[in-house]
Amino acid sequence: MHQKISNMVSIGILTIIALLTLYPFILMIFTAFKTNPQFEHMLWLPTIPMHWENFSGVWREISPYIWNSIIVSGSTVVGMLILSSISAFVFARYNFPGKSFLFIAIISLLMIPGVLTLIPSFMLMVKLHLTNSLWGMIMPYIAGGQVMAIFILRSFFANIPEEIFESARIDGASEAKNFLHIALPLCKPMLGTIAVMNILATWNEYVWPLVIISTNDELRTLPLGLMAFAGTFYTNWGPLFAGYTLAALPLLIMFAFTMKYFIRGITSGAIKM
Amino acid sequence: MKILKISIILMTVIFLVCGCGHKSGSRDNKIEIKVFGLTYSPRKPARKGDITSTYLWNIADEYKKIHPEVKIKYVKGSVGSFEAWNTTMQLAHSTPDIMGCQADKIWTDIDKGWWTNLDPYLELPNKYVRGNKHWKDIYFKESTEARRAPDGHIYAVAIDLVETGFFYNKEIFNKVGVKPPKTWAEFIQVQEKLKRAGYIPISFNMGANHDMFTWAFGIIQDQVMDLRIKKIMGGRKESYGFGVSQKELCKAIKTGNYSAKDPDYMEVWRLIKDWSKYFQRGYLGVVDPSAIYRLFVNEKAAMMWSGSWSVKQLDNDPELKFHYGVFSFPGITKESSRFAGTGIVRGVGGASAAGQFAVPTTTSRDPVKMKYTLDYLMFLTAPQNAIPLVKDLGLFIPNIKGSYDDPHMKPFMENFGRHIRIAHELPLTRDYDEKFYKTFQSYMLDEITLNEATDIMQKEMEKAVDEICSQKGWKF
């Protein structure tokens with residue numbers, strides 16, 4: 001009996017915690033169906049009638065930008081994973097002059113807040129004539145995303161026993177094969193975790209796309225498109241939250257497919273510092 | 001691994017195909033004028049009742065009929081993160097030819113030479129207005145003059161005006177038996193009665209966005225420090241600029257004519273603190289400014305201090321269960337303060353709303369571009385275009401002379417031309433402004449006394465003035 005009560009209390013507490021955790025997401029969905037007056041009069045609970053037209057209205061506004069966001073986040077994650085995994089493999093498995101210095105130089109970039117490099121990075125993009133193009137987002141994202149990825153992957157590659165690579169070499173495997181067929185498959189969970197983290201960051205990025213795509217509206221990404229509904233004097237809450245909901249869908253789908261890698265990556269120490 | 005390989009190949013193809021090939025700019029031979037319309041940026045409503053305007057598209061269509069050689073492109077831009085957007089565009093020379101922005105936000109960039117002084121152009125005739133000799137004559141003079149930058153020039157023309165007022169719940173007022181007050185003493189009495197009746201007398205925001213606090217400080221200071229402000233301005237015309245210029249303020253502080261230890265200055269602090277008894281609990285920690293609005297529409301607060309932009313929202317609200325009225329800021333009389341001045345109550349607002357347009361120097365340096373940009377700006381600001389534009393959005397009042405009538409906006413119209421000569425509206429430095437706000441919060445929370453607070457502010461004032469004087473080479 002005592003055990004039963006104790007279980008019920010635990011379940012009750014956990015349910016409350018789970019609800020509190022999920023409530024911002026639920027609130028987003030509630031608000032997505034509201035008009036502004038409904039939002040102002042009933043902030044926390046759902047209201048009737050539900051305004052589905054918020055979704056069609058917002059879809060008309062943001063649908064051109066979803067493809068841009070997919071291209072930017074997709075290209076970034078592929079480019080970043082290729083470059084960082086190669087770099088991390090080299091840092092982990094090879095010795096060359098200046099290796100430690102180079103590695104410390106790279107990871108020291110983790111200490112520089114992005115906002116400090118906004119103007120210099122932007123000026124670099126101007127000089128490279130990459131403003132108002134998707135390249136202007138993809139290239140810096142790949143460069144910026146690599147730092148953390150190299151740091152994580154290098155530790156993982158360094159922990160793979162040398163004997164595995166040695167046996168492969170004896171069997172005639174080249175260094176490229178060692179990397180592609182041994183190292184990479186072993187670190188799939190790590191790659192999955194890094195990919196998810198990177199996509200989350202680039203998908204939600206607001207300031208960099210704003211400054212890079214300053215005047216070419218066709219190339220805007222989702223977060224910029226959504227801002228059309230928020231203003232200094234008036235915000236259209238329903239369409240704005242409908243937009244947030246639509247913008248979250250691709251991420252939810254991605255999580256559904258990559259969750260097992262993500263969890264495995266986390267539990268095997270991918271993002272432990 | 002197969003999936004990874006396929007996705008790498010796929011993404012590489014997409015990357016190459018889609019990543020390149022986009023280039024901004026017009027592909028035909030037309031002259032392209034890029035316009036950022038700020039709050040007037042045209043957008044189709046997401047649903048019925050959505051407050052937005054598409055009228056700028058009509059104006060562009062009309063213009064293209066007269067000038068088929070010109071292409072008007074409205075860019076979507078950003079209302080948030082304006083500084084980052086503006087700075088980077090200026091560095092890349094890609095600022096829209098007509099830039100919608102709050103004039104005071106670009107004043108800090110004047111020394112950088114980013115914005116065109118529009119004064120010479122305002123002297124030219126606007127050919128789209130019959131009989132017009134000077135473009136400047138189509139605007140209301142007082143409000144337009146008040147938007148001169150600290151260097152005395154106009155860098156943005158304003159097509160609209162904004163004004164604030166106290167929105168009150170008529171049903172609650174009737175129930176409690178109070179009427180809209182005319183004086184500050186009456187205002188306090190009304191709030192006392194509302195409080196006793198169990199209502200929050202007024203919803204107030206001194207949290208995340210402290211605009212409302214700045215309004216309160218400015219409008220009370222304007223009345224209580226009337227004589228001092230007149231002295232600081234040396235008898236010059238009040239309507240010029242924001243009243244007290246930064247240089248005048250620095251001189252007054254340096255020569256001891258304006259100090260945080262002045263009894264009238266301290267009186268402003270005291271009056272605001274006394275008033276705060278009637279604000280809702282947690283007014284210092286408001287994170288979401290729209291929470292103020294919610295307290296009012298849900299009949300928890302009997303009043304809110306808002307502006308003309310709230311009218312359409314309230315009128316479009318089918319769930320609003322009460323009638324509302326609007327009254328202006330009550331005058332402070334001798335009954336409330338021995339420092340009360342002339343009894344003239346100025347307003348908070350002016351030509352500082354959402355329809356202000358500047359031209360970057362990147363555009364004015366190109367004579368052909370400038371010719372068309374200026375022409376389109378004149379067309380856009382002509383009464384037959386600007387007034388319907390402002391009316392279509394429905395949040396503000398036109399700053400353009402011409403036929404305009406909107407009964408909803410009447411309560412806001414009485415203060416135009418009498419705007420506050422606030423010294424505080426021109427912060428000495430950004431650091432000073434921050435310190436000012438934090439010190440005021442500590443005073444409101446009873447963490448420090450009025451004497452301690454003003455001691456801190458006096459030191460900060462002197463520090464800020466020394467910094468400005470050394471930067472600008474002023475000696476008094």
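Look a little higher up for the structure.
Now for a look at the structure at hand. Just so we're clear, the structure is a prediction, and the values are computed from it rather than from any experiment. (Residues numbered from 1 in each chain as written. Chains lettered and ligands numbered in written order. Predicted model: local features only at pLDDT ≥ 70, side-chain atom pairs only at ≥ 80, totals over all residues. Heavy atoms only, no water.)

A few words now on the state of the cysteines. Using the criterion set out here, one finds 0 disulfides over all chains in the structure. Of the cysteine sulfurs around B:C469, a residue in no disulfide, the closest is that of B:C250, at 4.9 Å. (Disulfide = S-S within 2.5 Å.)

Looking now at helix α9 (residues 188–204) of chain A. Residues and elements named next belong to chain A. Taking 1.5 Å of rise per residue, 17 residues should cover 24 Å, and α9 covers 24 Å from first to last C-alpha, within 8% of that figure. The buried fraction of α9 amounts to 12 of the 17 residues, a majority that puts the element mostly inside the structure. Among all positions of α9, only P189, M190, L191, G192, T193, I194, A195, V196, N198, I199, T202 and W203 are buried. (Helix = DSSP H or I, 4+ residues; strand = E, 2+ residues; numbered from the N terminus. Expected span 1.5 Å × (residues − 1). Buried < 20%, exposed > 50% of the residue type's maximum accessible area, 1.4 Å probe, protein only.)

In this section: unusual backbone geometry. A negative phi holds for most residues other than glycine; trans holds for most peptide bonds. Along the chain, A:I48 connects to A:P49 via a cis peptide bond; the corresponding omega equals 0°. Note that A:P49 resides in the loop between α2 (36–41) and α3 (53–93). Its identity is not glycine, yet A:N132 carries a phi of approximately 55°, on the positive side. For A:N132, a relative accessible area of 6% corresponds to the buried category. Positioned with a positive phi, B:D446 is a non-glycine residue whose angle comes to about 65°. The topology assignment puts B:D446 in the loop between α19 (430–444) and α20 (450–472). We classify B:D446 as exposed; its relative accessible area is 58%.

In this section: the interface of chain B and chain A. With 58 residues of chain B at the contact, the number on the chain A side is 57 residues. When chain B packs against chain A, close to 4,800 Å² is buried across both sides, 63% of that on carbon and sulfur atoms. For the pair chain B and chain A, the interface holds 2 salt bridges. Here A:E40 makes a salt bridge to B:R294, at a shortest N to O gap of 3.5 Å. At the boundary of chain B with chain A, the tally comes to 10 residue pairs in polar contact (both at pLDDT 80 or more). When residues of the side of chain B that touches chain A are traced back to their parent elements, those giving at least two are α1 (2–19), β2 (70–75), α3 (82–91), α13 (290–297) and α14 (309–315) of chain B. (Contact = heavy atoms within 4.5 Å. Buried area = accessible area lost by both parts, 1.4 Å probe. Salt bridge = Lys/Arg side-chain N within 4 Å of Asp/Glu carboxyl O. Polar contact = N/O pair within 3.5 Å; in protein donor to acceptor, adjacent residues only side chain to side chain.)

This part is about empty space enclosed by the protein. It is a probe the size of a water molecule, rolled over the atoms, that shows where empty space is left. All names here are of chain B. Across all of its chains, the model carries 2 cavities of 30 Å³ or more by this definition. In this structure, the second largest cavity is lined by 10 residues; those nearest its centre are E163, T164, I219, F329 and V348. The greatest single-element share of the lining of the second largest cavity, amounting to 3 residues, is contributed by strand β5 (residues 160–169). In the lining of the second largest cavity, the residues fall into 4 nonpolar, 4 polar and 2 charged. (1 Å grid on protein atoms, 1.4 Å probe; cavity = no way out; pocket = protein on both sides within 12 Å on 5 of 7 lines; lining within 4 Å. Points joined across faces, edges and corners; volume = space filled by probe spheres on them. Nonpolar A, V, L, I, M, F, W, Y, C, P; charged D, E, K, R; others polar.)

Because an α-helix packs 3.6 residues into every turn, residues spaced three or four apart end up facing the same way. Residue and element names in this part refer to chain B. Helix length check: α19, at 15 residues, gives a terminal C-alpha distance of 21 Å against a target of 21 Å (1.5 Å per residue), a fit within 8%. Within the sequence span of α19, burial applies to Y432, F436, Y437, T439, F440, Q441, S442, Y443 and M444. Looking at the buried positions of α19, the neighbouring elements they touch are α9 (211–224), α12 (263–275) and α20.

Turning our eyes to something else, we now look at the pattern of salt bridges. Applying the stated rule across the entire model yields 29 salt bridges over all chains. A salt bridge links B:D375 to B:K127; the shortest N-O distance between them is 3.4 Å. Placement of the pair is B:D375 in helix α16 (residues 367–381) and B:K127 in the loop between α5 (119–122) and α6 (141–145), with a sequence separation of 248 residues. In the salt-bridge network here, residues are joined through shared partners; they are A:R93, A:E162, A:E166, A:R169 and A:E175.

This part covers the sheet that holds strand β1 (residues 31–36) of chain B. Whenever strands of a sheet pair, they do so through backbone hydrogen bonds, lying parallel or antiparallel. All names here are of chain B. What the 5 strands build is an open sheet, ordered β2-β1-β3-β10-β4; its pairing is mixed. With partners counted over all chains shown, the strands left at the sheet margins are β2 and β4 (156–158), one partner each. Neighbour-to-neighbour, the strand axes of this sheet turn through a mean angle of 25°, independent of strand direction. Judged from the 6 bridges that link them, β1 and β2 form a sheet pairing that is parallel. Residue pairing in the sheet places V35 in a bridge with Y74 of β2. (Pairing = 2+ DSSP bridges. Axes fitted to C-alpha atoms, helices over the stretch in contact; angles between N-to-C directions.)

Another point: the pairing of β5(B). Residues and elements named next belong to chain B. For β5, the tally of buried residues reaches 10 of 10 residues, placing the bulk of the element in the interior. Of the pairings in the sheet, the one linking β5 to strand β11 (residues 397–398) comprises 2 bridges and is antiparallel in character. In the sheet register, D160 faces β11, and the bridge partner there is P398. Note that β5 and strand β9 (residues 349–350) share 2 bridges and pair antiparallel. Bridge pairing in β9 links V162 to G350. Examined bridge by bridge, β5 and strand β7 (residues 301–307) share 5 bridges and lie antiparallel to one another. Residue pairing for β7: G165 is matched across the bridge by S306. Across 4 bridges, β5 lies against strand β8 (residues 324–327) in antiparallel orientation. In the strand pairing of β8, F166 is matched with F327.

Time to look at a nonpolar patch on the surface. Residues and elements named next belong to chain A. There is a patch of nonpolar side chains on the surface, built from M1, I5, V9, I13, L14 and I17 and spanning about 630 Å² of accessible area. With respect to the element layout, M1 can be found in the segment before α1 (2–32). With a relative accessible area of 76%, M1 lands in the exposed category. (Patch = residues over 30% accessible without salt bridge, like charges linked within 9 Å, V, L, I, M, F, W, Y side chains within 5 Å. Areas by Shrake-Rupley, 256 points an atom, 1.4 Å probe, with all protein chains shown as cover.)

The next thing to look at is the nonpolar core. Core analysis: the largest hydrophobic core is formed by 158 residues, its most contacted members being B:W275, B:W305, B:Y376 and B:F396. Contact partners of B:Y376, with chain neighbours within four places excluded, come to B:V35, B:L56, B:I59, B:A60, B:Y63, B:I72, B:Y74 and B:I98. Judged by nonpolar contacts, the second largest core, of 52 residues, contains A:A32, A:M80, A:L153 and A:L246. (Core = buried A, V, L, I, M, F, W, Y, C linked by side-chain atoms within 4.5 Å.)

In this section: the side chain of B:S290. Mapped onto the fold, B:S290 is located in helix α13. Judged by relative accessible area, which is 15%, B:S290 ranks as buried. The contact partners of B:S290, leaving out residues within four places of it in the chain, are A:E40 and A:W237.

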